[in-house]
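An overview of the molecular structure
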Amino acid sequence: MTRLLFVKLLRDLRGAWERIVLMILALSITLVMFSGVFYTWGVTGREMARAYLSTNPASATIWLERGLNADEMAAIAVEARKQPGIIDATSRTQFTLQVQQEGGGWGPNPLQIFVAAPDDPMRIENFTVEQGSWPPAAGEILIDRSSFDLLKLEVGEAVVVQAPNGAPTSLRISGVVYDPALAPSFQEQKGHGFISAESLPVLGEPVALDALNIQVADQPGLITPSRDRDVIVATARDLVGWLQQTYGVAIREIQVPTPYAHPHQAQADSLLLGLLVFGVAGLLLSAILVATMLNGLFTQQIPQIGIMKAIGARSSRVLQLYLLMTLVIAVASTALAIVPGIFISRAFTPAILTLLGVDAESLTAPAWMYAVVIAAGLGVPLLFALASLVKTSRTTVREALDYRGVDRRGDISARFDAGLGRLRGLDRTVLMAFRNIFRRRARFLLSVGLLASAGGVFVGGMSTMAGFQASLDRERELRRWDVDVRLAGIDQVLADALTNLVADLPGVTRVEGWSTLQTSVIPPGQQFSVTRTYPDQGHGSIAVTVVPPDSSLMDPPPMLEGHWLGPNETGAIGISQGVAEDLPDIRSGDTIQLSIGGRPTNWRVVGIAESVGHGGGIFITQEGFEAATGVSQPNLLRIVTDNHDEETRTAVAQAAERTLTDAGIVVLSAASVSRSAAAGAGHMLPLILVFLGLSIAMSVVGFAGLASTMSTNVLERTREFGVMSAIGAPASTVRRLVVLEGIFIAVVSCMIAAIPALLLTAIMTGVLPMPGTFQISVSGVVIWIVVVVLGAALATLAPASQASRLTVREALAYL
Amino acid sequence: MNSNGLQESTTRRQAIAGRSSGEGLPLSEPLIDLHQVVKTYESPSQPFTALRGISLQVRAGEFVAVVGKSGSGKTTLLNILAGIDRPTSGAISVAGTQLHALSESQLAEWRGRTIGLVFQFFQLLPTLTIVENVMLPMDFVEIIPAAERRPKALKLLERVGIRDQADKLPVTLSGGEQQRAAIARALANDPPLLLADEPTGNLDSATGTSVLELFANLNAEGRTIVVVTHERDVRRYIGRQVMLRDGRVADGVQPEADQLEPAEVRP
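Residues numbered from 1 in each chain as written. Chains lettered and ligands numbered in written order. Predicted model: local features only at pLDDT ≥ 70, side-chain atom pairs only at ≥ 80, totals over all residues.

Describing the overall build of chain B
Assigned secondary structure in chain B consists of seven helices and eleven strands. The long-range share in chain B, meaning contacts at least 24 apart out of those at least 6 apart in sequence, stands at 69%. (Helix = DSSP H or I, 4+ residues; strand = E, 2+ residues; numbered from the N terminus. Contact = placed C-beta atoms within 7 Å.)

Considerations on the environment of A108 of chain B
Structurally, the position occupied by A108 of chain B is in helix α3 (residues 104–114). Under the C-beta neighbour-count criterion, A108 of chain B is labelled buried, with 26 such atoms within 10 Å. C-alpha of A108 of chain B to C-alpha of D246 of chain B: the two residues are 138 residues apart in sequence and 29 Å apart in space. Those residues within four positions of A108 of chain B in sequence are excluded, and the remaining contacts are K309, G312, A313 and R314 of chain A. (Buried ≥ 20, exposed ≤ 12 C-beta atoms within 10 Å, placed from the backbone.)

Here's the deal with the packing of helix α6 (residues 175–186) of chain B against helix α7 (residues 205–220) of chain B
Residue and element names in this part refer to chain B. Axis separation between α6 and α7 bottoms out at 10 Å; the angle between their running directions is 15°. By the criterion of interaxial angle, the relationship of α6 to α7 is roughly parallel. Between α6 and α7 the crossing geometry is right-handed. Across the interface between the two elements, G175, G176, Q179, R180 and I183 from α6 touch T207, S210, V211 and L214 from α7. Classifying every residue of the contact of α6 with α7 gives three nonpolar, five polar and one charged. (Axes fitted to C-alpha atoms, helices over the stretch in contact; angles between N-to-C directions. Parallel < 35°, antiparallel > 145°, perpendicular 65-115°, else oblique. Left-handed = near helix turned anticlockwise from the far one by under 90°. Nonpolar A, V, L, I, M, F, W, Y, C, P; charged D, E, K, R; others polar.)

Considering the pairing of strand β6 (residues 158–162) of chain A
Residues and elements named next belong to chain A. Judged from the two bridges that link them, strand β2 (residues 86–99) and β6 form a sheet pairing that is antiparallel. Residue pairing in the sheet places Q98 in a bridge with Q162 of β6. In this structure, β6 lies alongside strand β7 (residues 169–178), joined through four bridges in antiparallel fashion. By the bridge assignment, A158 is partnered in β7 with R172. Count of turn residues in the β6/β7 antiparallel hairpin: six residues. (Pairing = 2+ DSSP bridges.)

Some words on the interface of chain B and chain A
Contacts between chain B and chain A engage 24 residues on the former and 26 residues on the latter. Mapped by element, the contributors of at least two residues to the side of chain B that touches chain A are α3 and α4 (130–141) of chain B. Sorting elements by how many residues they give to the side of chain B that touches chain A places α4 of chain B first, with seven residues. Counted by class, the side of chain B that touches chain A contains twelve nonpolar, five polar and seven charged residues.

Description of the sheet that holds strand β8 (residues 224–228) of chain B
Residue and element names in this part refer to chain B. Read from one edge to the other, the open sheet built from six strands follows the order β6-β7-β8-β3-β9-β10, with strand pairing classed as mixed. Edge strands, defined here as strands with exactly one partner in the open sheet, are β6 (115–118) and β10 (248–249). In this structure, strand β3 (residues 63–68) lies alongside β8, joined through four bridges in parallel fashion. In the strand pairing of β8, A65 is matched with V227.

Structural notes on the domain arrangement of chain A
All names here are of chain A. Each assigned domain of chain A is listed with its residue range as follows: domain 1 (1–33 + 272–403), domain 2 (58–255), domain 3 (409–479 + 676–815) and domain 4 (481–672). Facing 20 residues of domain 2, the contacting portion of domain 4 comprises 22 residues. Elements with a minimum of two residues in the side of domain 2 that touches domain 4: β1 (60–68), β2 and β10 (251–255). In terms of residues, the side of domain 2 that touches domain 4 owes the most to one element, β10, which gives five residues. (Domains from an automatic or database assignment.)

Some details on the confidence of the model for chain A
Confidence along chain A averages 81 in pLDDT terms, with 88% of residues attaining 70 or more. Across chain A, element-level confidence peaks in strand β5 (residues 140–144) of chain A with a mean pLDDT of 94 and bottoms out in helix α25 (residues 808–812) of chain A with 60. (pLDDT = per-residue confidence, 0-100.)

Describing the packing of α4 of chain B against helix α5 (residues 146–160) of chain B
Each packed pair of helices is defined by two parameters, the angle between the axes and the distance between the axes. Residue and element names in this part refer to chain B. In the contact formed by α4 and α5, the axes pass within 9 Å of each other and the chain directions differ by 120°. As the angle between them shows, α4 and α5 are arranged oblique. Relative to α5, α4 is oriented so that their crossing is right-handed. Taking contact as the criterion, the partners of I130, V131, V134, M135 and M138 in α4 are, on α5, R149, R150, A153, L154, L156 and L157.

Brief notes about helix α18 (residues 622–629) of chain A
Three or four residues apart is the spacing at which side chains of an α-helix point the same way, because the helix has 3.6 residues per turn. Residue and element names in this part refer to chain A. Buried within α18 are the following residues: Q622, E623, G624, F625 and A628. On its buried side, α18 packs onto β12 (508–522), β14 (542–547), β16 (572–576), β17 (591–596), β18 (599–609) and β19 (618–621). Count one or two residues on from α18 and you reach G630, which has phi positive near 75°.

Quick word on the nonpolar core
If you look at the biggest cluster of nonpolar residues, it comprises 192 residues, and the most contacted ones within it are V290 of chain A together with V66, V134, L157 and L195 of chain B. Considering every element that reaches this core, the biggest residue donor is helix α2 (residues 17–54) of chain A, with 18 residues. Once residues lying within four places of it in the same chain are set aside, the contact partners of V66 of chain B are K74, L77, L78, V226, V228, V242 and L244 of chain B. In terms of nonpolar packing, the next biggest core, distinct from the first, is built from 104 residues, L487, L517, I522 and I596 of chain A among them. (Core = buried A, V, L, I, M, F, W, Y, C linked by C-beta atoms within 7 Å.)

Right, dumping it as structure tokens:
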């Protein structure tokens, strides 16, 4: 690079400073967006893993059929630690309490209690006590910090609870716990509490622990927990064999969640994948933006390139000049983007981590991520500008002399233009504007691509939301009941007797007795099941739903395979798509063994259904359930109310609970179905935030790109505008011409945007943590069309004014 | 690049440099030698032939004017001489270099060393000052040591009469001054051949006359000049006139014997 060329570069940059600034800003925005998302992705993943692992989660939990007292279990844990591959072991239990709400009556949200012996060393499944101390005294409870708002609790107050086997009793809240291994309460609509085994008598529960939590190493002698679930399952099975042989205990289930994965890992992975998809889309947008803007800048320089070539400049010298120009822009935009990207990440990451219930230890992204952002900031513009750079630098003197800001038109184009000209009643300026957008075809395609990418992301984001909302609506539509009343299931009361108790309550139009239980698949030849259930007993578990005969609350779901359950069909199960994905070897017609109520039962899979309404899981008929288990009492009453509003639902739930309790039935919870919808919304909130934020940023960049392109178009056609003025075109016509060109580009981009919108929606619908329906958001499409047309008009106003102000003399003297 | 490749490249550069100066040519050899040059442009409607078998020789030190009506092929001929266009057929040798053998980049380097180009619209780079515009070809070709480039540029500007405008931007100069600056730029690397395309076409008659006088003076100093022009008064300055008509050298149009040397126009 010669000194003179460097001087020329600086002066060219200064001469086109408005467009250079616009380019740098637009590049910076996309880079801020990408880096913000990228850092968030890295920090969220790291902090989530760190927080989860800081609790020292158990590799596996072995559930005994019956609990043993704390001393016996402690002795077993001591011996278990000596078994091959076992790093550590401890004993626990857990169950769910009802919580009395203000003004009496049991609240809709249960409280899951985790119990440990007072002398438990708390090495496994540990938590942080933020207020108070562990172990709490008998009659005291520590509450997870995310549960206070949900259950409306205060430290120091007493909370009235009822355990499955006990009577209503009061526990004093003695402190606050932070347990990042649990999903936050507002997402699960369930509280979490921690008590010592000394409080079990207070709750009326037997002083017994029935869970042996173990940490498993890959090999005996190692002290790092294994990441291999197969190793953990094999070691747990060996330990179970040893337990059965040594202590004669019966085993109910082995729970082996995914090693090193938070219960919301799938949700987080989906969220982070979504972030990355958008981040990469942002980067792609940035690349298109760079190509568009630089292409404009370079083509504007074509006459000067011609002169330089004419007086002896080689292509390599010209290439150096524009390569350096690109690099200057890339360096400036990268430098501008670094700090805002960090700020965005630091604002956004804690919000996501809070939604996942995790505290960040550090919000600083790893050093390699900064290196990647810098490499992307410098490399992507260079990479995407390279084709344009090489093409421009190879411009021959002849091409430069012939350059008129218009591509050579082919026969088809010429005929198309001629056809347009023959259309009667078409305004001449409109016609000209429409023809003009095709003059620089490469730039036109890039501008359209840029806006179409932004539109695709916006409509894709909105459609993903709409698809999820449609899924929720469909679920709501299929959920034809208003209140769920969960019963303890320990009283052998017939379904008819139970439903009759509730059917006459005011506001109730129909009651059906259903059952839902947790189940697990027992492998062939085994006596117990090995599940993926997490310690909260929710995540990773499989639910079985017992459908009553002649139910009017459930229509047969769409089938993917096989058929739906026949009326009163016994020995048959229908499984949902979600379960089928977890059991890839199972097909309709196969036989599987399920553990239901701790009892092995055999079933034939008759069909695989779509996961819509009624949740996922396994479905069986009431007849089939009775035949397999001998249990006839339902544990879930589903009530339809006359007015489906929240007030009626709440009144009916409370009335049903009182009536059943008065009749001696143990009610676990009675609540409006809105609670599960709230849980669903809690899972989706982070994604909504991500989509909206990124879509808006991308739109801004799209318009910046269009403004830059139009500015280039105007500059390039300076002489043409001069000629127009010379032959009498008023300034308003020139202005209208340029604005119309911008609007035409926007309209074409809307049509092209359908492709990325469909693709992105399909991808996001596939990776969502909750089932979504593929759907294009009509409101999203309409909003985008309005925004893009208005935005295009606004973005082209400045170049249009610039063009209309040109004097004939200025225009003709332009080089 | 291996040592052989480097050597080969260097040799080729030296070859371009040596031949392009025109110094190595025997005096009897023409500086420009065109043989049956045809140039046809492809267009969507139909091909257009701008030159139809032109054969022409120009010796070192000549001042030749190419004249003719619009569309007769004058500018095409000049562009072919400058290596801006390539002939569809025929052979061209300028200053001993067969132009068809050179790539675009080699042509650019060759132009920088061998010819000075002057355009109708001056074509100065708008963001460089006048003296910087003159120095730019020296930077590109690098045959003049860096320290000598500015003094030489200033000397050339003095030679064309605009030394006092050296540090101004082109836009602040009049058309005549810009054209003089363009001529100074054309002389930057001391090329043996000046090619000018309608150099007075955008100037008033007085300024145009002074530009032609400048060309005449340069020719008197031994510079070979080929100028494409519509200027009626050009005969006063040139040594020979070549008239083109419909892409051919017009028969029967010969320079006046008492003023011009005989043109070597091949049939």
